[in-house]
Amino acid sequence: MEHQNIIEVVNVSKKFGSHEILKDVNLTCEPGKIYGFVGYNGSGKTVLFKCICGLLRVDTGKILVRGKAIGEELIQDTGIIIEHPAFLMNLSGRKNLELLYMLDHNKDRNKIRQVMEQVGLDADSRKKVRQYSLGMRQRLAIAQAIMENPGILILDEPMNGLDKRGIQEVREILLNLKQEGKVILLASHNREDIEILCDKVYEMDNGKLQERSSLSGRCGDAF
């Protein structure tokens, strides 16, 4: 039987020097739900995401993904957007995706074309990534995150740089992925993204994570 809580964060704390970034954080995430994270810049959202991915080790507590301890191994079956994705700037967007996809798969040109079209990019364009606008790079990052059909998505400000149409398209993608049973963690400063997309909302404030029943009150100040 598959583990019901896909992600479990149990009493996790993390310090950088004497500065405690995460303070006794607890979180459980089930399939088929989108979890929203709000909070001021520097509140600890990105650090929490990095700990869940295994990019940072926790000081105390534990993180389990499908029952396996993160830290002993990196997270698997996960699409990630955290900070600025590292692309090969002198290659096209399609070539970047093909190189990554070929690490674990046979070359599948149809798959790359499909995912680029899904996020609104021209698969036939030879434009180099360094010539991309911020919005185009963000679309490429989303394509990279979803192209292997991962069971988990961890997305830190995925709408950054997108125009109104792009935001709507990405929202539709995320809602469809939710219907497929994916677990999606979404950090955003956009109140509308959180209201439209998220089943549960958490506020990170001074290293502490607290679930919010609504976006009113103090939670609204965190955008």
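Conventions and cut-offs
Residues numbered from 1 in each chain as written. Predicted model: local features only at pLDDT ≥ 70, side-chain atom pairs only at ≥ 80, totals over all residues. Heavy atoms only, no water. Phe/Tyr/Trp six-rings, centres within 6.5 Å; stacked < 30°, edge-to-face > 60°. Helix = DSSP H or I, 4+ residues; strand = E, 2+ residues; numbered from the N terminus. Buried < 20%, exposed > 50% of the residue type's maximum accessible area, 1.4 Å probe, protein only. Salt bridge = Lys/Arg side-chain N within 4 Å of Asp/Glu carboxyl O. Polar contact = N/O pair within 3.5 Å; in protein donor to acceptor, adjacent residues only side chain to side chain. Pairing = 2+ DSSP bridges.

**Q** Give a description of the packing of aromatic side chains that names residues and reports values.
**A** Tallied over the entire structure, the rule returns 2 aromatic pairs. Residues phenylalanine 37 and phenylalanine 49 carry aromatic rings whose centres are separated by 5.3 Å and whose planes lie at 85° to one another, so their mutual orientation is edge-to-face. In this pair, phenylalanine 37 sits in strand β3 (residues 33–38) while phenylalanine 49 sits in helix α1 (residues 45–53), placing the two residues 12 residues apart along the sequence. On the accessibility criterion, phenylalanine 37 (1% relative accessible area) is buried. Aromatic pair phenylalanine 37 and tyrosine 202: ring centres 5.7 Å apart, planes at 20°, arrangement stacked. Here tyrosine 202 lies in strand β9 (residues 200–205) and phenylalanine 37 lies in strand β3, a separation of 165 residues in the sequence. Comparing phenylalanine 37 with tyrosine 202 shows no difference in burial state: the two are buried. Put simply, the rings of Phe37, Phe49 and Tyr202 pair up and form one aromatic cluster.

**Q** If you had to explain the pattern of salt bridges to someone new, which residues and values would you point to?
**A** Here the structure, examined in full by the defined rule, presents 14 salt bridges. Aspartate 193 is paired through a salt bridge with arginine 171; the nearest N and O atoms lie 2.7 Å apart. Of the two residues, aspartate 193 is situated in helix α6 (residues 191–197) and arginine 171 in helix α5 (residues 164–179); the sequence distance between them amounts to 22 residues. Taking the relative accessible area as the measure of exposure, aspartate 193 reaches 1% and is therefore buried. Salt-bridge contacts for aspartate 199 lead to lysine 178; the nearest nitrogen and oxygen are separated by 2.9 Å. Here aspartate 199, found in the loop between α6 and β9, pairs with lysine 178, found in helix α5; they are 21 residues apart in sequence, far enough to count as distant. Residue classification places lysine 178 among the buried residues on the basis of a relative accessible area of 17%. In the salt-bridge network here, residues are joined through shared partners; they are Arg94, Glu98, Arg113, Glu117 and Asp124.

**Q** Please set out the side chain of glutamate 203 residue by residue, giving values where relevant.
**A** Inspection of the secondary structure puts glutamate 203 in strand β9. Since its relative accessible area comes to 3%, glutamate 203 is described here as buried. Within the local environment of glutamate 203, its side chain forms a polar contact with the side chain of arginine 212, the two groups lying 2.7 Å apart.

**Q** Explain the pairing of strand β4 (residues 60–65) residue by residue, including any values.
**A** Bridge analysis of strand β1 (residues 7–16) against β4 gives 5 bridges, and the strand direction is antiparallel. Paired with valine 10 across the bridge in β4 is lysine 62. Here 2 bridges tie β4 to strand β5 (residues 68–69), and the two strands are oriented antiparallel to one another. Pairing of leucine 64 across the sheet is with alanine 69, part of β5. Between the antiparallel neighbours β4 and β5 lie 2 residues, among them arginine 66 with a positive phi of about 55°.

In short, the description is geometric, and any link to function would need to be established separately.
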